[in-house]
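Notes for the structure review
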Amino acid sequence: MRLGWKWWGHMAVFWVIMGLHILAILLFTKGFLLTRSELPHYSQCSDVSESPCFYCSDSNVNLNQTHKHQHCWTKPAIGRLVIIVLDALRFDFVAPSTFFQESKPWMDKLQMLQELASQYPSSARIFKAIADPPTTSLQRLKLVQNGKRVTMMGDDTWTQLFPHHFERSYPFPSFNVKDLHTVDNGCIDNLLPSLYQEDWDVLIAHFLGVDHAGHIFGVDSIQMLEKLEQYNVVLQKVIEVLKSQSEPGGLHENTLLLVMGDHGQTINGDHGGGSPEEVETSIFAMSFKKPPPYVSTKYNISSCELNSDKKNLCINSIQQLDFAVTISALLGIPFPFGSIGSVNLELYALGGGTWNFNGDGETCEHQSKLGEWMWHYVNVLCINSWQVKRYIDVYSTSSVIGFSSEDLFHIADLYDQAVEKWSYTKNFFIYKNESCNTVLPILKKQIDAYSNFLLSVADLARSKWTEFNLKIMAIGFGIMLLSIFVHILAISEVKMKNGISFSLSQDSGISFGLFFACFVVAMRAFSFFSNSYILEEGKVACFLLATTGVVKLRDSVMKKKMVLEVIVFLVVITICRFTIEVGLSKQTPGFDFSNVYPSWMLRSAFGLPVLSFLTEIVPILSLILLATLLYKADFFDFKKSLVTKIVAMLSTWSSSIIILLGKQGPLVSIAAIIGGYCIMRMGSSKHDARNADNEGTGDLTIDPLSATQWSFLAVCLFFCTGHWCAFDGLRYGAAFIGFDEFILIRQAILLTIDTFGLSLIVPVYLLYGLIMATTVTATMICVTIHRRHLMVWGLFAPKFVFDVVGLLLTDFVICLASLYYLG
């Protein structure tokens, strides 16, 4: 029995379903995404008086006169700081090729840094910096108001975030990834002259050329090599200027140079995930003062290899989490209130000019100097630990998502042990005459106590800030199930005005189609529970789509109808399978055609002249064929209003999508049109008699298997264009086609069309929407089960984001289509 809904009721159901999807996704995402409360607290110089640590300004601290000469937390170890940020600086851009199993063309281009690190190990050092996902620049740009005069040049994101933090700034537009030179040239023009100025304490130069070259051309490209060589020349000039003024009394006598990346990038120049290529970046540190004391090598953890010049070069590791507090300790400013990092021993020693591996480490003089330095470092760790403990206490009382009483007790116990040991260490140096044999062991135990506390807090915080609100996630999941129920109810009741009906009754002759459609949708949904199948999602969808084609072929052969259409459909799927393979090869580290051709279609030529010519002419011929097909369909139009409207929609979308997709656009569009036509013909083959009776009205019955094929075809087209479900799979260059200036809304729309456009040119109806909703529901189950998986942020979470965006876009287009078809 039909409810006899009015047409406005039919349209309303689409909007109700979209509303349920939005509510479900918002709730589920709120429970799934990690939550860390941002506290409105800042560290002040006077705060340190509450700590049990020393904070005297005199380097020769009189321990019997503590707090007499107050200074802001620690004695500054450096006077000026130069930070050169090379955006998306991979670790292997800086480290010598001898550190890797295989040499690559982009290695050993920053020779200047390697030579300094090998020639002056006590003054220059290369660090492997480990960033935390998400590997994007915006999350890394944090500053604290501390009275330091800061000059900034380069990426204008700094001035957008902190418009009033700089004494002088030279910002340049940074979001046009096609522009490799504007930001870099602006940095170069202002960097060298600024090094001769005295009106700054911290100078920041943020270069973007490497990041943009990676996004557009990939790591293994001529443009990338040229950028690295350009940077090598710039860094050589910068170091020459700093050296020339580093004599006693010079402007840069007490300057520390840091050349660093904010994150790495994949072989295709993408970033945002948590793969080693993306989270591993580099920091090169160089001090320009002569280091008097020594730091023993037994406290140094590094990896050493011979460089290309057969000179020994050692590389240390540093967590990016530890960078802020280490720089704060070197500058003598308050540690960031919300930081849980620890002051890195190697970088602090090098910045303070107290790292020298030469000399006799067994002499009492050497151990005395080492003990003096270690005493200062222990005091820094004391302040560091006190600040972290203070932050954890405040955070636990202020945040909804705090730490349990057991966790707080464990942290307090570790801190109390370190403080108790500190009391003994402090009294030992105040009241006893220390000897060479007793100083270092005591200090080493104190360092271990504080380091154990700081490491435990960092590990605990990471675990707690990966807590998921399962209750809210469950509510969101329940609403998604409710939307599916509404979907099914609507499908069983709705008969669209312009001739589309989704009948699931036995007399329609599609009971097997319904069963088989449910089976293949379930198979794809179950594949999401394996990270390996998610990585191969395009191949899985193509395989299932081909399976439906084989089933259709069997039915067509038996009935001797639509055989040609099914064969053409299988040929299209085969071609899609090949293009998906080529597109996915972009993720493979060994893929080395990106430096020759800018798109996967051109890379398939492998450099052969004949094939290169074909790859240039085929898109033109395909575009002509596409225009002809659309014209013919519009001119003759099969006398069916539905087909007319589908062709109109295809014509409207195709031009924008083709422009954004580039030379592969016409081919993929043709595949979409031919594949879609074959699906429509195969879906109507069982109802020829009924359709013949309704030839003039345009009525058409589409079985569930056809809608499933539409859905799988959309997935295949998504992967055919070289996309994949990861943030580093976005084609950022498409957002700037036709535009040079960055406007957020406009560029976001273009990027969305490029990413999901091929999924939206298919006719989207209730059954198609149900398949999409079922897919998202399976993805929600998947990310819930794998929320503690190692690949949750690198694979499962991006998959969830892409599916959710695809569902909402589908809902939106369905709602717009309902206004057109039912109006």
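An unreviewed UniProt entry lists the protein under the name Type I phosphodiesterase/nucleotide pyrophosphatase/phosphate transferase, from Trema orientale. As recorded by UniProt, the Pathway (unreviewed entry) comment attached to the protein reads in full: "Glycolipid biosynthesis; glycosylphosphatidylinositol-anchor biosynthesis." Here is the UniProt Sequence similarities (unreviewed entry) comment for the protein, exactly as written: "Belongs to the PIGG/PIGN/PIGO family. PIGO subfamily."

With that out of the way, let us pick up the overall build of the protein. A tally of helices and strands in the protein yields 27 helices and 11 strands. Classification of the 823 residues of the protein by burial places 56% in the buried group. Carbon and sulfur atoms provide 62% of the accessible area of the protein, an area that totals close to 35400 Å².

Summed over the entire model, instances satisfying the criterion amount to 14 aromatic pairs. Ring geometry for Phe337 and Tyr391: centres 5.8 Å apart, planes at 90 degrees, overall edge-to-face. Remark: Tyr391 occurs in helix α11 (residues 364-398) and Phe337 occurs in the loop between α9 (323-331) and α10 (345-351); sequence separation between them is 54 residues. Like Tyr391, Phe337 is buried. Note on Tyr415 and Phe453: the rings are 5.3 Å apart at their centroids and 55 degrees apart in plane angle, and the pair reads as tilted. Taken as a pair, Tyr415 in helix α12 (residues 405-431) and Phe453 in helix α13 (residues 436-464) lie far apart in primary sequence, 38 residues in all. Side by side, Tyr415 and Phe453 carry an identical accessibility label, which is buried. In this structure an aromatic cluster arises from ring pairing among Phe28, Phe32 and Phe800. Positioned above the aromatic ring of Trp200 is the side chain of Arg80, whose terminal nitrogen or guanidinium carbon lies 3.7 Å from the ring centre. Sitting over the face of the ring of Phe91, Lys128 holds its NZ or CZ atom 4.8 Å from the ring centroid.

The subject of this paragraph is the pattern of salt bridges. Applying the stated criterion to the full structure yields 15 salt bridges. Two residues, Arg90 and Glu277, come together in a salt bridge whose shortest N-O distance is 3.4 Å. Taken as a pair, Arg90 in the loop between β1 (80-86) and α2 (91-94) and Glu277 in helix α8 (residues 276-279) lie far apart in primary sequence, 187 residues in all. The class of Arg90 is buried, set by a relative accessible area of 6%. With a shortest N-O distance of 3.0 Å, Asp448 and Lys444 are connected by a salt bridge. Pair noted here: Asp448 and Lys444 are both in helix α13, with a separation of 4 residues, about one helical turn. Note on Asp448: relative accessible area 38%, which makes it partly exposed. By relative accessible area, which is 29% here, Lys444 ends up partly exposed. Salt bridges linked by common partners bring Arg524, Glu537, Lys799 and Asp803 together as one network.

The next thing to look at is helix α7 (residues 222-244). Given a rise of 1.5 Å per residue, 23 residues ought to cover 33 Å, and the 33 Å separating the end C-alpha atoms of α7 matches this to within 8%. Of the positions making up α7, those classed as buried are Met224, Leu225, Lys227, Leu228, Tyr231, Asn232, Val234, Leu235, Val238, Ile239, Val241 and Leu242.

A few words on the nonpolar core. Grouped together as the largest cluster of nonpolar side chains are 76 residues, with contacts concentrated most on Phe28, Phe32, Met480, Leu545, Phe569 and Leu807. Top element by residues in this core is helix α24 (residues 704-720). It accounts for 12 residues. Ignoring any residue separated from it by four or fewer positions in sequence, one finds Phe569 in contact with Leu545, Gly549, Gly675, Cys678, Ile679, Met682 and Gln709. Counting 75 residues, the second largest nonpolar core, distinct from the first, contains Trp73, Phe162, Leu347 and Ile447.

Turning our eyes to something else, we now look at unusual backbone geometry. Outside of glycine, negative phi angles account for most residues, and trans bonds account for most peptide bonds. The phi angle at Lys560 is positive, at roughly 55 degrees, despite the residue not being glycine. The exposed category is assigned to Lys560, whose relative accessible area is 74%. Unusually for a residue other than glycine, Met562 sits at a positive phi of about 60 degrees. Under the relative-accessibility criterion, Met562 is labelled buried at 11%.

A few words now on α24. Taking 1.5 Å of rise per residue, the 17 residues of α24 would be expected to cover 24 Å, and the 24 Å separating its terminal C-alpha atoms lies within 8% of that figure. The element α24 is extensively covered by neighbouring structure, given that 17 of its 17 residues are classed as buried.

On to the side chain of Thr326. Assignment of secondary structure puts Thr326 in helix α9. A residue is classified by how much of its surface remains accessible, and Thr326, at 0% relative accessible area, is buried. When neighbours within four sequence positions are excluded, Thr326 is seen to be in contact with Ser342, Val343, Asn344, Leu347 and Tyr348.

The subject of this paragraph is the state of the cysteines. Per the counting criterion, the structure on display carries 2 disulfides. Two residues, Cys53 and Cys382, share a disulfide whose sulfurs are 2.0 Å apart. Here Cys53 and Cys382 share a disulfide; its torsion about the S-S bond, -85 degrees, makes the bridge left-handed. Of this pair, Cys53 sits in the loop between α1 (7-32) and β1 while Cys382 sits in helix α11, and the two are 329 residues apart along the sequence. Cys382 matches Cys53 in its accessibility class, with the two residues each being buried. There is no disulfide at Cys542, and the cysteine sulfur nearest it, in Cys716, is 4.3 Å away. Note on Cys542: relative accessible area 3%, which makes it buried.

Turning our eyes to something else, we now look at the pairing of β1. Counted residue by residue, β1 has 7 buried out of 7 residues, so it is predominantly covered. Side chains Arg80, Val82, Ile84 and Leu86 of β1 all project onto a buried face; the interleaved residues Leu81, Ile83 and Val85 project onto the opposite face, where all are buried too. Relative to strand β6 (residues 255-260), β1 runs parallel, the two being bridged by 6 bridges. The residue of β6 that forms the bridge with Ile84 is Val259. Relative to strand β5 (residues 202-207), β1 is paired through 6 bridges, and the arrangement is parallel. Of the residues in β5, the one forming a bridge with Val85 is His206.

α7 packs onto helix α3 (residues 111-119) with a crossing angle of 45 degrees between their chain directions and a minimal axis gap of 8 Å. Viewed along their axes, α3 and α7 adopt a mutual orientation that is oblique. Here Gln111, Met112, Leu113 and Leu116 of α3 lie close against α7, whose contacting residues are Asn232, Leu235, Gln236, Ile239 and Lys243. A breakdown of the residues in the contact of α3 with α7 according to their chemical character gives 5 nonpolar, 3 polar and 1 charged.

Running from N to C, helix α6 (residues 209-217) and α7 cross one another at 170 degrees; their axes reach a closest spacing of 9 Å. As far as their axial angle goes, α7 and α6 are roughly antiparallel. The segment α6 lies against α7, with Gly209, Val210, Ala213, Gly214 and Phe217 engaging Gln223, Met224, Lys227, Leu228 and Tyr231.

Mapped onto the secondary structure, Val219 falls in the loop between α6 and α7. When its relative accessible area of 0% is taken as the criterion, Val219 is described as buried. Apart from the residues lying within four places of it in its own chain, the contact partners of Val219 are Arg90, Phe93, Trp106, Met224, Gln265, Thr266, Ile267 and Gly269.

Turning to a nonpolar patch on the surface, a few remarks are in order. A surface patch of nonpolar side chains, amounting to about 400 Å² of accessible area, comprises Val557, Val563, Ile567, Val571 and Ile575. For the nonpolar patch, the leading source of residues is helix α18 (residues 563-584), giving 4 residues.

Thresholds, definitions, all that
Residues numbered from 1 in each chain as written. Predicted model: local features only at pLDDT ≥ 70, side-chain atom pairs only at ≥ 80, totals over all residues. Heavy atoms only, no water. UniProt positions renumbered as here; feature names shortened; annotations may be inferred. Helix = DSSP H or I, 4+ residues; strand = E, 2+ residues; numbered from the N terminus. Buried < 20%, exposed > 50% of the residue type's maximum accessible area, 1.4 Å probe, protein only. Areas by Shrake-Rupley, 256 points an atom, 1.4 Å probe, with all protein chains shown as cover. Phe/Tyr/Trp six-rings, centres within 6.5 Å; stacked < 30°, edge-to-face > 60°. Lys NZ or Arg CZ within 6 Å of the ring centre and 35° of its normal. Salt bridge = Lys/Arg side-chain N within 4 Å of Asp/Glu carboxyl O. Expected span 1.5 Å × (residues − 1). Core = buried A, V, L, I, M, F, W, Y, C linked by side-chain atoms within 4.5 Å. Contact = heavy atoms within 4.5 Å. Disulfide = S-S within 2.5 Å. Pairing = 2+ DSSP bridges. Axes fitted to C-alpha atoms, helices over the stretch in contact; angles between N-to-C directions. Parallel < 35°, antiparallel > 145°, perpendicular 65-115°, else oblique. Nonpolar A, V, L, I, M, F, W, Y, C, P; charged D, E, K, R; others polar. Patch = residues over 30% accessible without salt bridge, like charges linked within 9 Å, V, L, I, M, F, W, Y side chains within 5 Å.

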